[in-house]
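Each chain is listed here by its residues.
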Amino acid sequence: FHSKGRQNRRQEIPGHHELGDWITDPRQYQFHRHEDTLYAMPAQVHELFHQVNGQLRIRKAGVCLGEWQRNGLQPDHALAMSALVNEGITQQELSLEQAQQYLRKAGFEWPGHEKGWQLAAYKGVALGWVKHLGNRFNNYFPSAWRLRS
């Protein structure tokens, strides 16, 4: 696939080793890429996907992992909500008040100190992604879904 205005370059799909930090047992999945977005689906349905892909208009296939960029994967919210997410990813447990602030995309004190991508969670349930930068964090909860009250 190629998007408008971009060079026609072959877009490599990251290997199992690179994706192992993000998903549990990547060898069970096949990956496909549409433009810069990477998707995973069980290996047993991947061949069927390719058979029907040219004949049907497929709106969504597999779990959206995120965008593969020069510095690695920028994870998608769908990955945070899926059973594919690697249990080794740091998950910060939030209080009820912090979870509500996270879902509002409002500022609050982040409980962790480890830098990088982390999951915000409440009572063990993932809410979405945060990128901790050391002195601050970026909230990647989808803006269209934020709480407005």
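The notes below deal with the structure included here. (Residues numbered from 1 in each chain as written. Predicted model: local features only at pLDDT ≥ 70, side-chain atom pairs only at ≥ 80, totals over all residues. Heavy atoms only, no water.)

## Observations concerning helix α4 (residues 96–104)
Listing the buried residues of α4 in full gives Gln-98, Ala-99 and Tyr-102. Seen end-on, α4 carries its buried residues on one side only, within an arc spanning 100°. Close packing links the buried residues of α4 with β5 (91–93), β6 (116–122), β7 (125–132) and β8 (137–139). (Buried < 20%, exposed > 50% of the residue type's maximum accessible area, 1.4 Å probe, protein only. Helix = DSSP H or I, 4+ residues; strand = E, 2+ residues; numbered from the N terminus. Arc of directions from axis to C-beta. Contact = heavy atoms within 4.5 Å.)

## Considering the sheet that holds β6
Taken together, four strands build an open sheet; the order of strands is β5-β6-β7-β8 and the sheet is mixed. The two strands at the open ends of the sheet, each matched to only one other strand, are β5 and β8. Pairs of neighbouring strands in the sheet enclose a mean axial angle of 40°, with direction left out of account. Alignment of β5 against β6, held across three bridges, turns out to be parallel. (Pairing = 2+ DSSP bridges. Axes fitted to C-alpha atoms, helices over the stretch in contact; angles between N-to-C directions.)

## Topic: the side chain of Arg-33
The residue Arg-33 is located in strand β1 (residues 29–34) in this model. For Arg-33, the side chain forms a polar contact with the main-chain oxygen of Glu-35, separated by 3.2 Å. (Polar contact = N/O pair within 3.5 Å; in protein donor to acceptor, adjacent residues only side chain to side chain.)

## Focus: the pattern of salt bridges
Overall, the coordinates contain two salt bridges when judged by the stated rule. Here Arg-27 makes a salt bridge to Asp-25, at a shortest N to O gap of 3.2 Å. Taking the shortest distance from any N to any O, the salt bridge between Arg-33 and Asp-36 comes out at 3.9 Å. The burial state of Arg-33 is the same as that of Asp-36; both residues are buried. (Salt bridge = Lys/Arg side-chain N within 4 Å of Asp/Glu carboxyl O.)

## Considerations on the side chain of Asn-86
With respect to the helices, strands and loops of the structure, Asn-86 is situated in the loop between α3 (77–81) and β5. Reaching out from Asn-86, the side chain makes a polar contact with the backbone oxygen of Gly-20 at a distance of 2.6 Å. When residues no more than four places from it in sequence are discounted, the contact partners of Asn-86 are Gly-20, Asp-21, Trp-22, Ile-23 and Thr-24.

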